[in-house]
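# Report on the structure
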Amino acid sequence: MARVVLIGNLAQLTGGVAEFDLSATSVKQLFEQLSALHPGIERHLEDGVAVAIDGQIVQDALFEPIGPRSEVFIMPAIAGGR
Amino acid sequence: MAETNGHANGTNGQHAVGTRTIRPDGVDKVTGRARFGADYNLPGQLVGRVLRSPHAHARIVSIDIRKAEALPGVKAVITRDDFPDQPSEFIPAGEMMMNYKDVVRNVMAREKALYEGHAVAAVAATSVAIARKALKLIDVTYEVLPHVIDVVAAMAANAPLLHDDLFTAGVEPKPDKPSNIAKRIEIKLGDVDAGFAKADLVVDREFKTAPVHQGYIEPHAALATVSEDGTTECWTTTQGHFIVRAHCARLLGLDIGKVRVTATEIGGGFGGKTVVYLEPLAIALSKKAKRPVKMVMSREEVFKASGPTSGATVRVKLGATKDGKFVAAFAELKYQAGAFQGSPVQPGVMCAYAPYDIENVHVIGYDVVSNRPKVAAYRAPGAPISEYAVESVVDEIAKKLGIDPIQLRMMNAAREGTKAAYGPKFGPIGLEETLNSIKKTEHWNTPLRKWQGRGVASGFWFNIGGETCVSLTVNEDGTISLMAGTPDIGGLRASLAAVAADELGVPYDKVRPIIGDTGSLGFNFLTGGSRSAFSGSMAIVEAAKLIKADLIARAGKLWEAKPDQVEWRDGAVRPLGALAEKVKPMTVADFAKVAGKTGGPIAGLGRINAQGAGPSFGTHLVDLEVDPETGRVTILRYTVAQDAGKALHPAYVEGQYQGGAVQGIGWALNEEYIYGEDGKLQNAGFLDYRMPVASDVPMIDTVLVEVANPKHPYGVRGVGETPIVPPLGAIANAIENATGIRFTELPMSPPKVLKALTDKGLNKVS
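Residues numbered from 1 in each chain as written. Chains lettered and ligands numbered in written order. Predicted model: local features only at pLDDT ≥ 70, side-chain atom pairs only at ≥ 80, totals over all residues. Heavy atoms only, no water.

## So, the state of the cysteines
For the coordinates displayed, the defined rule picks out zero disulfides over all chains. A disulfide-free cysteine, B:Cys234 has its sulfur positioned 5.9 Å from the sulfur of B:Cys248, the nearest such atom. (Disulfide = S-S within 2.5 Å.)

What follows is the structure in structure tokens.
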């Protein structure tokens, strides 16, 4: 099971629960499983978040693999100005 | 058929990557041939001009355009009625999110004018004089409303409200009254109360930063033409022409496939050209007038109506043990968003303590609307503000504990495996290396005189990847055409050409890079987030892989070889084993000669959603001198050390370091939006808005640190954002070192410095 942590205000969409153990093997499954548990978060996941899998940040990458012991953080999307 | 790793392997062992190659766009730019936004023209084009609100906050009761429309020479007039309203839907805008409901109101005011300079109407006419006269004939009836500029004032319960449907998100229970506070966000790590209880020293200070503009030299400009069948073309100075296409299609109800946008050469953007201002207006005017329409902003319009960055108030509280270990950190950030929600407070929150390994962190941020232009991205958006405050406090702790400021930073520096306050653990990063590099400089060890001071500060930015599409085409003579879809702001063409040359084993000067329009490539996200060289070079590698696989297959057929008898190595397809006795290796140029006979044109399309961007840390060192009689601060010497991962083109990377440092110097010392009591900007021009010029700064020395990003084939990290982060703190620390006064408000301009010196009695003639 991957350890999933919601950063910042996202936990307000899951009734205050910020940490999950999920069997997701990809970002797509991660979003589906979280949305099934807490439908209120679905739109925010669709609108764009960054996902850090074992320290590596990915964005808009539904097929990115998640390992059974991965540490996953879901955080606001990041971009830049330069 | 095998392909060994051919990175940086030319046929003659020559490498273009990592060398200071001649810039493909250099000759045009130094001879004046390069065409920037305002240089484009079409036959029969009209002049477009915008009528802007004279009020900081006013309800628009009515707009009467009949007299303007009747003026001979006026071919079109547009107002809010020409833009269908948009539903609330958030979309990425640079590093921030923007809502289409707000975008349509920002390009053309609807119910209210929310800042001085807000577009209210636009005209297209046959001459500038007629256009100006037409603007005067547009009769707008305003109901002037109270305004608010400052972020803290805007947060007050009795502040004038900008939007009666804006309710603070991120607080529980959900508010039942509207507010100017669009959002509250926070991140937490560990237990800050317990952390502060362990601290021997706690420094708690409040800082204020002034709103500043990106200050790009080239004003916004757009030329648009719409044909009778709705086919639309637009030439514009932008950081992302695919984004311009998407926004214009959405705002005007056009099919994306019918809109073609070309990015002109760009005279600076720094985040400010990631959104649309003139483009939808020019298209709407052209559609109505049935002629091309060209629009160019004046400098005053650039200041008043295009995205500056936030002014902010920041409280920082940092606790350390007596031996210098940071044990707890708190910060509260209040950022102006301008007229519509969406300030860079989120990255400000995430970046504030990123350079440090601290167990207990709590950062709160507020996104606050006020009667200023909607902020746009500006280099490492949000980070310079929060990291300036943190770096100032770090310096104060160093002084109070009697620890060398570089040593204190080194003791607490984030390293590989450090858990960032915003969540994940860092991979390989180079903060320590930048600190070490600075400490080893001759600069660090040079003595100073009275009224001179030295300051150091570090900085961080995440960097991003994103959707990227490039093409490589092998021409008949073996030269390579390279097409990228992200505007070249800081050396993209040279960097990508070097990678393509090394990947395909051709000389650098045989690769000709261009920036393609939106009809030429798949979708590209914009040039921003320090992504274009990082993502573009990854896409070039993918495109080259396809070409190499194709050439291997063609060689196999030509040589009637088995798959294990052919490989790509050192810039050529080579026969292996016994076959090597019979045939000679073939280069890209060799294949070009027989392309038609062996399968047709040779080309590769690299299309990726680049992941694996590595963060970049930097440390800056500055020497300055304070004039006690005038309060003027002169930068004497400046050194930047930053982790580039791998510098594809060292001169361009150094240019990014230097440019970021100079913009930071301006932010720290002089730049600020100055508003009158009436909410109107009083310094909308370069004479009164004081940006550094070449004579204000010394040569900025640079140290290229290269800690490879393991997720990039060459180890590249984005470099454009980070260098604007440390200067604010480094300069504040240097002024404190020179005067003993800790300045907590930017800019540290001569009047403020002089007043502080006078108040302390430090500049009395003895």
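## Overview of the domain arrangement of chain B
Residues and elements named next belong to chain B. In terms of domains, chain B is made up of domain 1 (26-34 + 465-610) and domain 2 (428-463 + 614-766). Just the C-alpha atoms count here: the centres of domain 1 and domain 2 sit 39 Å apart. Listed per partner, the contact involves 15 residues of domain 1 and 16 residues of domain 2. Interface of domain 1 and domain 2: buried area, both sides summed, is about 1200 Å²; carbon and sulfur atoms make up 61% of it. Taken together, the connections running from domain 1 to domain 2 amount to zero salt bridges. Applying the counting rule to domain 1 against domain 2 returns six residue pairs in polar contact (both at pLDDT 80 or more). Listing elements by their share of the side of domain 1 that touches domain 2, those giving two or more residues are helix H14 (492-504) and helix H15 (532-559). (Domains from an automatic or database assignment. Contact = heavy atoms within 4.5 Å. Buried area = accessible area lost by both parts, 1.4 Å probe. Salt bridge = Lys/Arg side-chain N within 4 Å of Asp/Glu carboxyl O. Polar contact = N/O pair within 3.5 Å; in protein donor to acceptor, adjacent residues only side chain to side chain. Helix = DSSP H or I, 4+ residues; strand = E, 2+ residues; numbered from the N terminus.)

## Thoughts on helix H8 (residues 279-289) of chain B
Since the α-helix turns once every 3.6 residues, residues separated by three or four places project in the same direction. Residue and element names in this part refer to chain B. Burial analysis of H8 places nine of its 11 residues in the buried class, which makes it a mostly covered element. Three or more residues of H8 are buried, namely Glu279, Pro280, Leu281, Ala282, Ile283, Ala284, Leu285, Ser286 and Ala289. Where H8 ends, the next residue or the one after it, Lys290, has phi of about 60°, a positive value. (Buried < 20%, exposed > 50% of the residue type's maximum accessible area, 1.4 Å probe, protein only.)

## Focus on the interface of chain B and chain A
If you look at the interface, chain B gives 43 residues, while chain A gives 24 residues. Across the chain B to chain A interface the summed buried area is about 2500 Å²; carbon plus sulfur atoms make up 53%. Inspection of the region where chain B meets chain A yields zero salt bridges. On the surface where chain B and chain A come into contact, there are three residue pairs in polar contact (both at pLDDT 80 or more).

## A short note on the environment of B:Lys183
Within the secondary structure, B:Lys183 is located in strand E10 (residues 181-189). If sequence neighbours within four positions are ignored, B:Lys183 has contacts with B:Thr168, B:Ala169, B:Gly365, B:Tyr366 and B:Asp367.

## Re the sheet that holds strand E11 (residues 201-209) of chain B
Residues and elements named next belong to chain B. Across the sheet, which stays open at both edges, the five strands sit in the order E10-E18-E17-E16-E11 with mixed pairing between neighbours. In this open sheet, the two strands that pair with only one neighbour each are E10 and E11. Here the strands of the sheet are splayed against their neighbours by 10° on average, with no regard to which way each runs. Where strand E16 (residues 312-320) lies against strand E17 (residues 326-338), nine bridges are found, and the strand directions are antiparallel. Among the inter-strand pairings, Val314 is bridged to a residue of E17, identified as Leu333. Along the sheet, helix H11 (residues 383-401) makes contact with E11, E16 and E17, crossing E11 at roughly 145°. (Pairing = 2+ DSSP bridges. Axes fitted to C-alpha atoms, helices over the stretch in contact; angles between N-to-C directions.)

## Comments concerning unusual backbone geometry
Residue and element names in this part refer to chain B. Cis geometry marks the peptide bond from Glu172 to Pro173, where omega comes out at -5°. For Pro173, the location among the structural elements is in the loop between helix H5 (151-155) and E10. Phi is positive for Lys290, which is not a glycine, with a value near 60°. Turning to its location among the elements, Lys290 is positioned in the loop between H8 and strand E15 (293-296).

## Some points on the environment of B:Thr309
Residue and element names in this part refer to chain B. Tracing the backbone through its elements, the reader meets Thr309 in the loop between helix H9 (299-305) and E16. Expressed as a C-alpha distance, the spacing of Thr309 and Phe462, which sit 153 residues apart in the sequence, is 19 Å. Ignoring sequence-local partners within four residues, the contact set of Thr309 consists of Pro211, Val212, Pro344, Arg372, Val375, Ala376, Tyr378 and Trp667.

## Some details on the confidence of the model for chain B
All names here are of chain B. Of the residues in chain B, 97% reach a pLDDT of 70 or more, and the chain-wide mean stands at 95. A low-confidence stretch, residues 1-6 stays under pLDDT 50, and its non-local contacts, those more than four residues away or across chains, total 20 contacts. Complex prediction metrics read pTM 0.95 and ipTM 0.85. (pLDDT = per-residue confidence, 0-100.)

## Let's talk about the pairing of E16(B)
Residues and elements named next belong to chain B. When you tally the buried positions in E16, you get seven out of nine residues, the bulk of the element. Relative to E16, E11 is paired through nine bridges, and the arrangement is antiparallel. Bridge pairing in E16 links Val203 to Leu318. In textbook terms, the turn of a hairpin is the stretch between consecutive antiparallel strands, and for E16 and E17 this stretch comprises five residues, one of which, Gly324, has a positive phi near 100°.

## Let's talk about the nonpolar core
By size, the foremost hydrophobic cluster in this structure holds 161 residues, and its most contacted members are A:Met75, B:Tyr353, B:Tyr422, B:Ile731 and B:Met748. For this core, the element with the most residues is H11(B), which contributes nine residues. Leave out the neighbours within four places in its chain, and B:Ile731 touches B:Val622, B:Leu624, B:Ile635, B:Ile665, B:Ala668, B:Leu669 and B:Met748. Counting 51 residues, the second-largest nonpolar core is a separate cluster that includes B:Ile547, B:Ile552, B:Val566 and B:Val573. (Core = buried A, V, L, I, M, F, W, Y, C linked by side-chain atoms within 4.5 Å.)

## Some thoughts on the sheet that holds strand E1 (residues 2-6) of chain A
All names here are of chain A. The strand order across the open sheet built from five strands is E2-E1-E5-E3-E4, with neighbouring strands paired in mixed fashion. Sheet topology places strand E2 (19-22) and strand E4 (56-59) at the edges, where each strand pairs with a single neighbour. Looking at each pair of strands side by side, their axes are set apart by 25° on average, direction ignored. Bridge count for strand E3 (residues 49-53) against E4 is four bridges, and the pairing is antiparallel. Across the sheet, residue Val51 finds its bridge partner in E4, namely Val58. Sheet strands touched by helix H1 (residues 27-37): E1, E2, E3, E4 and strand E5 (71-76). Its angle to E2, the strand with the most contacts, is close to 120°.

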